[in-house]
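Observations on the three-dimensional arrangement
Chain by chain, the residues:
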Amino acid sequence: MRILQSFRNILSERHDIARSWKNQNKPVIGWNSTYTPEEIIHAMDALPVRILGSTKPTMLADAYLPRNACSFARSTFDLALRSSYAYLDGFVTSNSCDNFNKTYDLWRHCTKIPYFHFINTPHTNTQKAHDFFHQEITRFKESLEETFKTTITNKKIQHSIQLCNENRDLLKKIYDLRKRDTPLINGTETLEIVLSSMLTSKSEHNTLLKQLLKEIETRIDPPKPGVRLLITGSMMGTPDLLNIIESVGGIAVADDLCTGTRYFWTLVQTDKNPIKAISKRYLNKIPSPSRYNWEERVSHIKNMIKQFNVEAVINFLLKFCDTHMFDAPLLTEELKNQGIHVLNVEWEHTRSGIAPIKNRIEAFIETIKGVP
Ligand code: SF4
């Protein structure tokens with residue numbers, strides 16, 4: 001389908017898209033944690049761009065980071081050192097994990113990006129945590145206003161919420177296509193679509209999504225059916241692993257990834273105070289394993305398994321990703337107790353050792369096929 005190529009193009013041309021935005025005198029703000037409210041950045045007519053890393057060797061970052069820094073954070077810092085993100089007007093992060101926190105300091109120290117901001121995100125979602133987070137989002141808005149000499153009005157934020165919610169609704173419709181016995185779209189294509197939504201303007205992305213939804217029902221090249229899998233685990237900034245799964249008899253029909261449902265599943269509810277609505281949404285969204293409310297995440301995974309008729313789960317754990325590694329034994333036990341087969345796979349963002357990983361995935365899929 002030709003329209004799918006448009007989403008792939010956004011991924012491959014992400015830096016050109018950001019530069020063209022800048023050429024129109026509009027700021028580009030990089031972010032890397034799903035606890036960053038894109039709506040606020042968008043409301044000042046800036047482009048929020050997710051920092052996704054690459055699969056290339058990380059020789060420059062290796063000089064700064066210890067061996068036990070995760071290869072995703074290492075890769076993004078390497079790109080920063082290579083000036084791939086030199087066009088950024090700002091970089092925003094949040095306290096997701098130690099690797100993010102430490103590399104944030106290195107970005108500050110080693111790059112010339114003019115604006116940095118750190119959002120303190122509570123690890124719980126109690127009322128006190130909500131009150132605190134509301135203040136943090138307000139502080140973020142005010143800091144953008146002061147730095148970029150602009151006013152972010154409630155009206156602009158409301159409009160931005162509406163665009164982002166529309167994007168979330170459309171992405172959910174794409175996910176619905178995978179609930180069918182023969183999914184109309186596979187996991188590789190879906191991940192490309194979700195990733196591209198983090199790299200271009202929401203209005204442009206919404207237009208592409210609407211066109212895709214119009215055309216896909218008459219698709220003449222549907223994906224091959226296979227063992228229906230839910231994918232969870234660490235940051236997945238490229239579709240390579242899903243491509244492997246789908247080349248050896250599986251099909252990724254659902255996920256619990258911070259580049260998947262954890263990014264877009266929860267909508268911002270309407271509230272007279274849009275900052276309050278945004279802060280509520282981000283603190284109540286499907287939590288990452290770095291948060292205290294683990295049960296909410298597991299319940300989301302179980303719901304996805306049911307809704308998408310999932311046969312087994314693959315948990316892709318990036319080496320040294322403590323947050324997901326600590327979570328993996330509990331999650332595995334919980335799912336196995338429900339009769340769900342789980343494969344935990346350790347991997348590196350640079351794809352070293354990918355051949356044995358492919359063998360393990362293939363063997364796992366063969367096993368599931370043999371289960372009566
Ligand atoms: S992959 Fe894991 S350790 Fe690395 S930045 Fe993401 S959450 Fe942190």
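Since the model is a prediction, treat every value here as computed from it, not as a measurement.

As enumerated under the stated definition, the model contains 21 salt bridges in all. Ionic pairing is found between E39 and R168, a salt bridge with its closest N-O pair at 2.7 Å. Placement of the pair is E39 in helix α3 (residues 38-43) and R168 in helix α8 (residues 154-176), with a sequence separation of 129 residues. When sorted by exposure, E39 lands in the same class as R168, which is buried. Across the pair D240 and R351 runs a salt bridge, and its minimum N-O distance is 3.2 Å. Pair noted here: D240 is in helix α11 (residues 240-247) and R351 is in the loop between β8 (341-347) and α16 (354-370), with a separation of 111 residues, a long-range link. Under the relative-accessibility criterion, D240 is labelled partly exposed at 30%.

To continue, consider the environment of L47. Mapped onto the elements of the fold, L47 is located in strand β2 (residues 47-50). Overall, the relative accessible area of 1% leaves L47 in the buried class. Put simply, L47 and L81 are 34 residues apart on the chain and 22 Å apart in space, counted from C-alpha to C-alpha. With near-sequence residues (within four places) excluded, L47 lies in contact with I17, A18, W21, P27, V28, I29, I41, L199, T200 and S201.

Our focus in this paragraph is the environment of T188. Tracing the chain through its elements places T188 in helix α9 (residues 187-197). Separated by 105 residues in the primary sequence, T188 and S83 have C-alpha atoms spaced 29 Å apart. Setting aside its immediate chain neighbours within four residues, T188 contacts P239, L242, N243 and E246.

Another aspect to go through is the nonpolar core. By size, the foremost hydrophobic cluster in this structure holds 96 residues, and its most contacted members are W107, I231, I314, F316 and I361. Core analysis: the next-biggest nonpolar cluster, separate from the first, contains 23 residues, L144, I157, I278 and L283 among them.

Turning our eyes to something else, we now look at the site of the ligand. Surrounding the ligand, one finds C70, F72, C97, N99, F100, S234, M235, L318, C321 and T323. Here the residues of the shell around the ligand sort into seven nonpolar, three polar and no charged. Residue assignment places the shell around the ligand across two domains, with domain 1 (2-152) and domain 2 (156-370) each supplying three or more.

Quick look at the sheet that holds strand β6 (residues 250-256) now. In space, the four strands of this open sheet follow the order β6-β5-β7-β8, with parallel pairing throughout. Of all the strands in the sheet, the pair left with one neighbour each is β6 and β8. The mean angle between the axes of side-by-side strands here comes to 30°, regardless of whether they run parallel or antiparallel. In the sheet, strand β7 (residues 312-318) pairs with β8 via seven bridges, with the strands oriented parallel. Directly across from F316, in β8, lies its bridge partner V345.

Now for the packing of α9 against helix α10 (residues 202-215). Their axes nearest at 10 Å, the elements α9 and α10 cross at an angle of 155°. Classified by the angle between their axes, α9 and α10 sit roughly antiparallel to one another. Across the interface between the two elements, I193, S196 and S197 of α9 pack against K202, H205, L209 and L212 of α10. Considering only residue class, the contact of α9 with α10 consists of three nonpolar, three polar and one charged.

The rules behind each value
Residues numbered from 1 in each chain as written. Predicted model: local features only at pLDDT ≥ 70, side-chain atom pairs only at ≥ 80, totals over all residues. Heavy atoms only, no water. Salt bridge = Lys/Arg side-chain N within 4 Å of Asp/Glu carboxyl O. Helix = DSSP H or I, 4+ residues; strand = E, 2+ residues; numbered from the N terminus. Buried < 20%, exposed > 50% of the residue type's maximum accessible area, 1.4 Å probe, protein only. Contact = heavy atoms within 4.5 Å. Core = buried A, V, L, I, M, F, W, Y, C linked by side-chain atoms within 4.5 Å. Near = heavy atom within 4 Å. Nonpolar A, V, L, I, M, F, W, Y, C, P; charged D, E, K, R; others polar. Domains from an automatic or database assignment. Pairing = 2+ DSSP bridges. Axes fitted to C-alpha atoms, helices over the stretch in contact; angles between N-to-C directions. Parallel < 35°, antiparallel > 145°, perpendicular 65-115°, else oblique.

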